[in-house]
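These are the residues of each chain, in order.
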Amino acid sequence: MRYTGKLYRPPSEADAYILQATIGCSWNNCTYCDMYRDKPTFRLRNLADAIDDLDMAAMRYGSGVRKLFVADGNALCMPMDHWLPILQEARKFFPRLKRISCYAMASDVLDKTPEELATLRENGLSLLYMGPESGDETTMRRIAKGPRPEGAERDEDYLYKQHVDAAARAHQAGMKISAIFLLGAGGTERTVEHAKASARLATAMDPEFLAALTLTVVPGTPLSRTRERLGWELPTVEGLLEELRTFVDEARPTNALFRTNHASNYLPIGGRLPKDGPRITALIDAALAGEIPLRPERSRGL
């Protein structure tokens, strides 16, 4: 298949066919993120080329494709006249297709009308990966977690509420949500606020899937360039595990499949929240006590 630059997908899309329908990320300002900085100019990929790739994938993989992940970054921002042909052709080319998903920013969900989201769902887009990374408004603003329109700075909880509203609109359309939070995003200064507010936001978004990743300070990112000047410090491994424990203990989604299986994490665990919360916190306590080995640094990655 034909791809431009580095390609990223969630761990749960490891067995999915990846269609690159956009190049880069339309926001690309999150201070910690290096994923799309090799593609600084965001653009829609030529629709005919994307359809051709679906055709080639059908000839090569045919009925073996059961999941389709539409890349790059926040592909949901594509206009409807790009989305609908892709969805319709995908369902035609892959007869056993069960799921179509993409990354989505909260602002892009809200830029789509409820009717447009419902139409996308009817045509097969069923899962959105949303990454608020934190529920702490101060942390969300510091890591530039999405645009704020004029006047929004007067709303102390704008980004928090934006993610709650976006999740509600996606659910109303019949889509499922996978919410992603980032251990360490608040630094040592706001570690407690970050963990507790993230649990509150996970509860309010009520996703079907929930994941925690661990922040890595990547050279060349704005966070890397400014951390010394700002006095920003990443929590210790123990501090990151304490954040994870607080998050698991306090998050109360209805019934979310929770995973920390991303390569960035020190402790891969999983279960359903809130049902398995006590079991998971016991595992974290055991790890903090040194009774469970952690993933070594050489095995961690992005």
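Remember, it's a predicted structure, so these values are computed and weren't measured experimentally.

## Concerning the layout of surface pockets
Line of reasoning, step 1. One number sums up the size of the second largest pocket: a volume of about 250 Å³.
Line of reasoning, step 2. As for the second largest pocket, its lining consists of 16 residues, and the residues nearest its centre are R142, E189, L223, L230 and W232.
Line of reasoning, step 3. Elements represented by at least two residues in the lining of the second largest pocket include exactly α5 (137-142) and α8 (222-230).
Line of reasoning, step 4. Examining the composition of the lining of the second largest pocket, we find that three residues originate from one element, α8, more than from any other.
Line of reasoning, step 5. When grouped by side-chain class, the residues that make up the lining of the second largest pocket number five nonpolar, seven polar and four charged.

## Quick word on the nonpolar core
Line of reasoning, step 1. Among the nonpolar cores identified, the biggest contains 66 residues, and W83, F94, L125 and L128 are the most heavily contacted of them.
Line of reasoning, step 2. Residues contacting L128, with those up to four places away along its chain left out, are L76, C102, A104, V109, A170, M175, K176, I177 and S178.
Line of reasoning, step 3. Counting residues in hydrophobic clusters, the runner-up holds 23 residues, among them Y32, F69, A71 and Y129.

## Overview of the packing of helix α6 (residues 158-172) against helix α7 (residues 191-205)
Line of reasoning, step 1. Direction vectors running N to C along α6 and α7 enclose 25°, while the axes themselves pass 9 Å from each other. It follows that α6 is roughly parallel to α7 by the angle criterion. α7 is crossed by α6, and the crossing has right-handed handedness. For the pair formed by α6 and α7, the contact residues are Y160, H163, V164, A167 and H171 on the first element and A197, R200, L201, A204 and M205 on the second.
Line of reasoning, step 2. Residue classes in the contact of α6 with α7 are distributed as seven nonpolar, two polar and one charged.

## A short note on the side chain of S126
Line of reasoning, step 1. Here S126 is to be found in strand β6 (residues 125-133).
Line of reasoning, step 2. When its relative accessible area of 12% is taken as the criterion, S126 is described as buried.
Line of reasoning, step 3. Sequence-distant contacts of S126, that is, excluding residues within four places in its chain, are made with R99, I100, R121, M175 and K176.

Thresholds, definitions, all that
- Residues numbered from 1 in each chain as written.
- Predicted model: local features only at pLDDT ≥ 70, side-chain atom pairs only at ≥ 80, totals over all residues.
- Heavy atoms only, no water.
- 1 Å grid on protein atoms, 1.4 Å probe; cavity = no way out; pocket = protein on both sides within 12 Å on 5 of 7 lines; lining within 4 Å.
- Points joined across faces, edges and corners; volume = space filled by probe spheres on them.
- Helix = DSSP H or I, 4+ residues; strand = E, 2+ residues; numbered from the N terminus.
- Nonpolar A, V, L, I, M, F, W, Y, C, P; charged D, E, K, R; others polar.
- Core = buried A, V, L, I, M, F, W, Y, C linked by side-chain atoms within 4.5 Å.
- Buried < 20%, exposed > 50% of the residue type's maximum accessible area, 1.4 Å probe, protein only.
- Contact = heavy atoms within 4.5 Å.
- Axes fitted to C-alpha atoms, helices over the stretch in contact; angles between N-to-C directions.
- Parallel < 35°, antiparallel > 145°, perpendicular 65-115°, else oblique.
- Left-handed = near helix turned anticlockwise from the far one by under 90°.

Purely geometric stuff here, so don't read any function into it on its own.
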